[in-house]
Amino acid sequence: MEYQQGENRQQLALYTSCLDDMVPQDNSVRFIDQFVESIDLQEMGFEPLPSQGRPPYNPADLLKLYIYGYMNRMRSSRQLEKECHRNLEVIWLLKNLKPDHNTIARFRKENPKAIKRVFRYSVEIAKNFNLIGGLLIAGDSTKLRAQNSKKNNYNKKKIQRHLAYIEDKLKEHSLALEQADGDKAEALSTEIAKHKKHHKKYTRIKQELQADKSSENPQLSTSDPDSRHQIVRGMITEVCYTLQTTVDDQNKILIDYKLTNQNDKKAMGMMLRRAKSILRTNKFTALYDKGYHTGSEFCTAHQLDIKTLVAIPAIGRASQAPHPKYNAENFIYNQKTDTYTCPEGHKLTSNQSHYKTRNYTFKQYKTKACKGCPVRSLCTKAKNGKIVQRSEYAPYIEANAHRVTQNKQRYKQRQALVEHPYGTLKRQWGFDYIITKRKIAVASADAGLMTLAYNLKRLFNLGVKFDITAVCAALNSFLGVMLLAITQLSTQQALKIAFPRNFIKFMKYGNLNPATEFKRKLV
């Protein structure tokens with residue numbers, strides 16, 4: 001059978017095309033190049049790597065390399081180093097520069113804050129191209145495994161078990177050593193020395209845990225100190241970080257991210273405050289799942305004047321009545337009289353005392369009618385009768401429950417919105433773990449490049465172009481409409497109306513002066 005034949009590897013050839021001709025005009029690598037060239041990297045906070053005998057690499061080139069790598073499922077600095085030698089697109093992007101893996105890795109490690117600013121810049125671009133609606137957002141979190149095994153994560157109980165086990169072994173080996181001789185005695189001595197070494201190590205960790213007053217149950221991770229052992233789902237646990245994200249509904253573009261080592265309970269207020277700052281408005285609705293259902297966070301949302309729809313979690317077994325009809329949620333509260341009415345019609349009153357827990361204060365409501373109530377066994381098992389607690393945040397919790405009831409169809413959009421980025425990042429790209437270690441700041445650089453790559457992929461697929469010719473054409477068309485309305489204003493006043501901020505940056509990228517172009521248009 002006749003097959004297609006390749007060329008002779010020894011044959012000399014004279015290429016008539018340049019490197020630029022080998023990369024198609026619609027290739028995403030050109031998009032990356034144009035995006036990075038439109039950024040003022042010094043303003044973003046990127047610092048050039050220190051010179052070590054020869055000029056350092058331009059931060060723009062290393063940022064291009066990382067964005068290309070993350071958009072193509074490559075995060076390892078060694079893998080990116082290989083691509084600089086064999087990948088035609090990377091060779092074109094870096095103009096044949098070949099940084100080593102140490103240089104590549106140090107750039108990511110030393111610039112987490114600057115990478116965050118570049119992500120924010122991608123959000124600003126999406127806003128300028130009207131790709132962010134700003135009316136409906138959804139928030140959620142996902143767990144990203146840290147470079148720290150469960151074995152190397154400790155808490156007080158775990159350390160106590162280790163020390164108790166070692167002490168038992170030391171006693172056992174010491175008794176055996178008294179009766180042993182020869183090779184057996186030498187082996188036991190080795191075991192005793194090993195256990196004493198481990199005992200010293202665990203004693204030091206125990207002291208560090210006792211000195212840690214940051215939480216009731218402190219943890220210590222030895223490989224990645226800021227990572228924490230958390231529940232991923234159900235009974236599955238991992239030593240990981242939590243990536244909080246906020247997604248706009250119009251084009252599933254991420255508008256914010258934050259890497260933490262905490263659960264979702266206290267995250268909603270913080271993310272809403274940041275979303276308000278980014279969108280420069282509070283006229284949006286935020287959707288969250290039941291993990292964010294916390295009274296203090298609803299209070300924060302109320303203070304920010306932001307409408308939230310948060311799923312209502314099921315009542316815990318300890319709070320359930322013997323019969324569901326008599327659960328506390330079925331007791332009707334009267335704000336005017338400050339009383340509750342139970343399903344049997346009895347009024348529960350408060351002594352107006354405020355009781356304090358670790359996170360909030362509450363009042364208790366009860367009635368003497370409980371003693372002779374015929375359905376008491378269905379309502380409560382408490383000796384002193386039914387007691388209903390009302391926290392200081394109850395009005396905000398009830399308002400959220402009312403909104404959820406009135407907007408069931410809208411809340412159903414939450415999962416479709418917020419899971420879109422996670423499906424891309426974790427399922428398609430395989431970014432289900434943090435590749436860096438040693439502190440959360442370095443890990444946040446990895447998370448920042450993930451989210452930046454996702455946003456740029458969305459912008460590229462949505463047809464955003466950084467071609468300065470296209471930008472100027474759009475501006476000229478826009479100015480033509482605006483001219484009649486602004487001819488009576490000064491040039492500087494007109495510029496504020498006619499030129500969005502990032503379009504001015506694009507014009508400067510193309511060596512154009514916005515004021516000069518505007519005056520030329522007026523003439």
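Structure: see above.
A few points on the structure. Owing to the predicted nature of the structure, the values given are computational and were not obtained by experimental measurement.

### A word on the overall build of the protein
A tally of regular secondary structure across the protein gives 20 helices and 14 strands. The buried share among the 523 residues of the protein stands at 45%. Pairs at least 24 residues apart make up 68% of the contacts formed inside the protein by residues separated by at least 6 positions. Of the roughly 30,000 Å² that the protein leaves accessible, carbon and sulfur atoms contribute 49%.

### Comments concerning the pairing of strand E7 (residues 285-288)
Going residue by residue along E7, you find Thr285 and Leu287 tucked away on one face and Ala286 and Tyr288 tucked away on the opposite face as well. For strand E1 (residues 136-145) and E7, the ladder comprises 3 bridges, and the chain directions are parallel. Each residue of the ladder has a partner; that of Ile137, found in E7, is Ala286. Of the pairings in the sheet, the one linking E7 to strand E8 (residues 307-310) comprises 4 bridges and is parallel in character. Bridged to Tyr288 within E8 is Val310.

### Let's talk about the side chain of Ser296
As for its placement among the helices and strands, Ser296 is situated in helix H11 (residues 295-304). By relative accessible area, which is 13% here, Ser296 ends up buried. At a separation of 3.4 Å, a polar atom in the side chain of Ser296 contacts the side chain of Glu297. Apart from residues no more than four positions distant in its own chain, Ser296 is found in contact with Lys266 and Tyr393.

### A few points about the environment of His354
Along the chain, His354 turns up in the loop between strand E11 (347-350) and strand E12 (355-356). Note: C-alpha distance between His354 and Gln364 (10 residues apart in sequence) is 8.0 Å. When near neighbours in sequence (up to four residues on either side) are disregarded, His354 contacts Phe362 and Lys363. At 3.5 Å, the side chain of His354 and the backbone oxygen of Gln352 are in polar contact.

### Some points on the nonpolar core
Core analysis: the biggest nonpolar cluster contains 90 residues, and Phe35, Phe46, Ile67, Leu272 and Leu459 have the highest contact counts within it. Setting aside its immediate chain neighbours within four residues, Leu272 contacts Phe284, Ala286, Tyr288, Ala301, Leu304, Ile306 and Thr308. Ala321, Tyr340, Cys342 and Val375 belong to the second-largest nonpolar core, a separate cluster that totals 11 residues.

### Comments concerning unusual backbone geometry
Note: most peptide bonds trans; most residues except glycine with negative phi. Even without glycine at this site, Asn130 takes up a positive phi of about 60°. Tracing the sequence through the fold places Asn130 in the loop between helix H7 (112-128) and E1. Look at Arg280: it is not a glycine, yet its phi comes out positive at around 60°.

### Some points on the pattern of salt bridges
In this structure the tally under the stated criterion is 18 salt bridges. Measuring nitrogen to oxygen at the nearest pair gives 2.7 Å for the salt bridge that ties Asp33 to Lys64. With a gap of 31 residues between them, Asp33 in helix H1 (residues 28-37) and Lys64 in helix H3 (residues 59-71) connect regions that are remote in the sequence. Of the two residues examined, Asp33 and Lys64, each falls in the buried class. Here Glu208 ties to Arg204 by a salt bridge, and the two come within 3.0 Å at their closest N and O atoms. In this pair, Glu208 and Arg204 are both assigned in helix H9 (residues 182-211), 4 residues apart and thus about one turn of the helix distant.

### Quick notes on the packing of helix H8 (residues 156-179) against H9
For the pair H8 and H9, interaxial distance at closest approach is 9 Å and the crossing angle is 155°. Classified by the angle their axes make, H8 and H9 are roughly antiparallel. As for how H8 packs across H9, the hand of that crossing is left-handed. Each residue belonging to the contact of H8 with H9 can be placed in one class, and the counts come to 12 nonpolar, 10 polar and 6 charged.

### Re H7
Compared with the 24 Å implied by 1.5 Å per residue over 17 residues, the 25 Å span of H7 between its first and last C-alpha is a close match. Of all the 17 residues making up H7, 13 are buried; the element is thus mostly covered by neighbouring parts of the structure. Following H7 by one or two positions, Asn130 has its phi on the positive side, about 60°.

### A short note on the side chain of Asp446
Positionally, Asp446 belongs in helix H16 (residues 440-461). A polar contact is formed between the side chain of Asp446 and the backbone nitrogen of Ile435, at a distance of 3.0 Å.

### Regarding the packing of H11 against helix H13 (residues 394-406)
Viewed as axis vectors pointing N to C, H11 and H13 meet at an angle of 80°, and their least axial separation amounts to 8 Å. Our classification of the angle between H11 and H13 gives roughly perpendicular. Side by side, H11 and H13 meet where Gly295, Phe298, Cys299 and His302 of the first sit next to Tyr396, Ile397 and Asn400 of the second. Across the contact of H11 with H13, the residue classes tally to 4 nonpolar, 3 polar and no charged.

### Comments concerning the packing of aromatic side chains
Counted under the stated rule, the structure contains 15 aromatic pairs. By way of ring pairs, the aromatic residues Phe46, Tyr66, Tyr70, Phe107, Trp429 and Phe431 are connected into one cluster. Above the face of the Tyr433 ring, Arg75 is positioned so that its terminal group lies 4.5 Å from the ring centre. Directly above the ring of Tyr333 sits Arg390, whose terminal nitrogen or CZ lies 3.6 Å from the centroid.

### Let's talk about H16
An α-helical segment advances 3.6 residues per turn. Residues three or four places apart therefore align on the same side. End to end, H16 covers 31 Å across 22 residues, agreeing with the expected 32 Å (1.5 Å per residue, within 8%). When you tally the buried positions in H16, you get 17 out of 22 residues, the bulk of the element. At the exit of H16 stands Gly463, carrying a positive phi of roughly 90°.

### Some words on the pairing of strand E5 (residues 236-248)
Counting buried positions along E5 yields 10 of 13 residues, so the element is predominantly enclosed. Across 9 bridges, the pairing between E1 and E5 is antiparallel. Paired with Ser141 across the strands is Gln244, a residue of E5. As defined by bridge partners, strand E4 (residues 228-233) adjoins E5 across 5 bridges and the pair is classed as antiparallel. The residue bridging Arg233 from the neighbouring strand is Ile236, located in E5. In terms of strand pairing, E5 meets strand E6 (residues 254-260) through 6 bridges, oriented antiparallel. Opposite Leu243, over in E6, you have Leu259 as the bridge partner. Where E5 folds back on E6, the antiparallel hairpin that results is connected by 5 residues, among which Lys252 adopts a positive phi of roughly 60°.

The rules behind each value
Residues numbered from 1 in each chain as written. Predicted model: local features only at pLDDT ≥ 70, side-chain atom pairs only at ≥ 80, totals over all residues. Heavy atoms only, no water. Helix = DSSP H or I, 4+ residues; strand = E, 2+ residues; numbered from the N terminus. Buried < 20%, exposed > 50% of the residue type's maximum accessible area, 1.4 Å probe, protein only. Contact = heavy atoms within 4.5 Å. Areas by Shrake-Rupley, 256 points an atom, 1.4 Å probe, with all protein chains shown as cover. Pairing = 2+ DSSP bridges. Polar contact = N/O pair within 3.5 Å; in protein donor to acceptor, adjacent residues only side chain to side chain. Core = buried A, V, L, I, M, F, W, Y, C linked by side-chain atoms within 4.5 Å. Salt bridge = Lys/Arg side-chain N within 4 Å of Asp/Glu carboxyl O. Axes fitted to C-alpha atoms, helices over the stretch in contact; angles between N-to-C directions. Parallel < 35°, antiparallel > 145°, perpendicular 65-115°, else oblique. Left-handed = near helix turned anticlockwise from the far one by under 90°. Nonpolar A, V, L, I, M, F, W, Y, C, P; charged D, E, K, R; others polar. Expected span 1.5 Å × (residues − 1). Phe/Tyr/Trp six-rings, centres within 6.5 Å; stacked < 30°, edge-to-face > 60°. Lys NZ or Arg CZ within 6 Å of the ring centre and 35° of its normal.

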